[in-house]
Amino acid sequence: QVQLVESGGGLVQSGGSLRLSCVASGRTFSNRAMGWFRQAPGKEREFVAGISYNGGSTTYADSVKGRFTISRDNAKNTVYLQMNSLKSEDTAVYYCAARPPLNSLTYSAAGYAYWGQGTQVTVSS
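Trainee: Could you clarify how one ought to interpret the overall build of the chain in this entry?
Mentor: The helix and strand inventory of the chain stands at zero helices and eleven strands. Secondary structure elements of the chain, listed N to C terminal, follow the sequence β-β-β-β-β-β-β-β-β-β-β. At 13 Å, the chain has a C-alpha radius of gyration in line with the 14 Å of a compact globule built from 125 residues. Oriented by its inertia axes, the alpha-carbon framework of the chain measures out at about 40 × 30 × 25 Å. Burial status across the chain gives 44% buried among its 125 residues. Within the chain, contacts between residues separated by at least 24 positions form 59% of all contacts whose residues are at least 6 apart in sequence. Counting only carbon and sulfur atoms, one obtains 46% of the accessible surface of the chain, whose full area is about 6100 Å². Of the side chains in the chain, 12 bear a positive and 7 a negative charge, and the two mean positions are spaced by 7 Å.

Trainee: Which parts of the structure should I look at to understand the state of the cysteines?
Mentor: Simply put, disulfide is the name for a covalent bond between the sulfur atoms of two cysteines. The tally for this structure, following the rule as stated, stands at one disulfide. Disulfide partner of C22: C96, at an S-S distance of 1.9 Å. With the S-S bond torsion at 40°, the cross-link from C22 to C96 turns out right-handed. Of this pair, C22 sits in strand β3 (residues 18-26) while C96 sits in strand β9 (residues 92-98), and the two are 74 residues apart along the sequence. Of the two residues examined, C22 and C96, each falls in the buried class.

Trainee: Looking at this structure, how should I read the environment of S85?
Mentor: You can see S85 is positioned in the loop between β8 (78-83) and β9. C-alpha separation for the pair S85 and G66, spaced 19 residues apart in sequence, amounts to 9.4 Å. Each residue touching S85, except ones within four places of it in the same chain, is listed here: G15, G16, S17, R67 and D90.

Trainee: In this structure, what is going on with the side chain of D90? I would like to understand it.
Mentor: Assignment of secondary structure puts D90 in the loop between β8 and β9. Overall, D90 belongs to the buried group, its relative accessible area being 1%. A distance of 2.7 Å separates polar atoms of two side chains, one belonging to D90 and the other to R67. Those residues in contact with D90 that lie beyond four places of it in its chain are R38, R67, F68, S85, V121 and V123.

Rules of the game
- Residues numbered from 1 in each chain as written.
- Predicted model: local features only at pLDDT ≥ 70, side-chain atom pairs only at ≥ 80, totals over all residues.
- Heavy atoms only, no water.
- Helix = DSSP H or I, 4+ residues; strand = E, 2+ residues; numbered from the N terminus.
- Rg over C-alpha atoms; globule rule 2.2 N^0.38 Å.
- Buried < 20%, exposed > 50% of the residue type's maximum accessible area, 1.4 Å probe, protein only.
- Contact = heavy atoms within 4.5 Å.
- Areas by Shrake-Rupley, 256 points an atom, 1.4 Å probe, with all protein chains shown as cover.
- Lys, Arg positive; Asp, Glu negative; His and termini not counted.
- Charge placed at Lys NZ, Arg CZ, Asp CG, Glu CD.
- Disulfide = S-S within 2.5 Å.
- Polar contact = N/O pair within 3.5 Å; in protein donor to acceptor, adjacent residues only side chain to side chain.

Pasting the structure below:
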């Protein structure tokens, strides 16, 4: 089992920034690709960003490219999502997720084995 706990969400004005953190515990973190997803009310969960097990590869949804940055610190078992130039349409619950060990990045939520409880991000216009 891998337990994931997100933090850093909150209320921010349009154009502002937030940094989300996700701390992992339990089984090995450093051999897992990680992803951030979000779900807005009435919408399906969507991929936001992903990072390979060693941080060497990252990928982003087109809607956040150039504004969001995913990173990880394997020594701290933590993955981050730096969100800049936030827009009202970024309002959602944000979830981090862990892939099975040694699996590559994927956009598909079905490919992630473990999920955090989510953290709310609200962007006011």
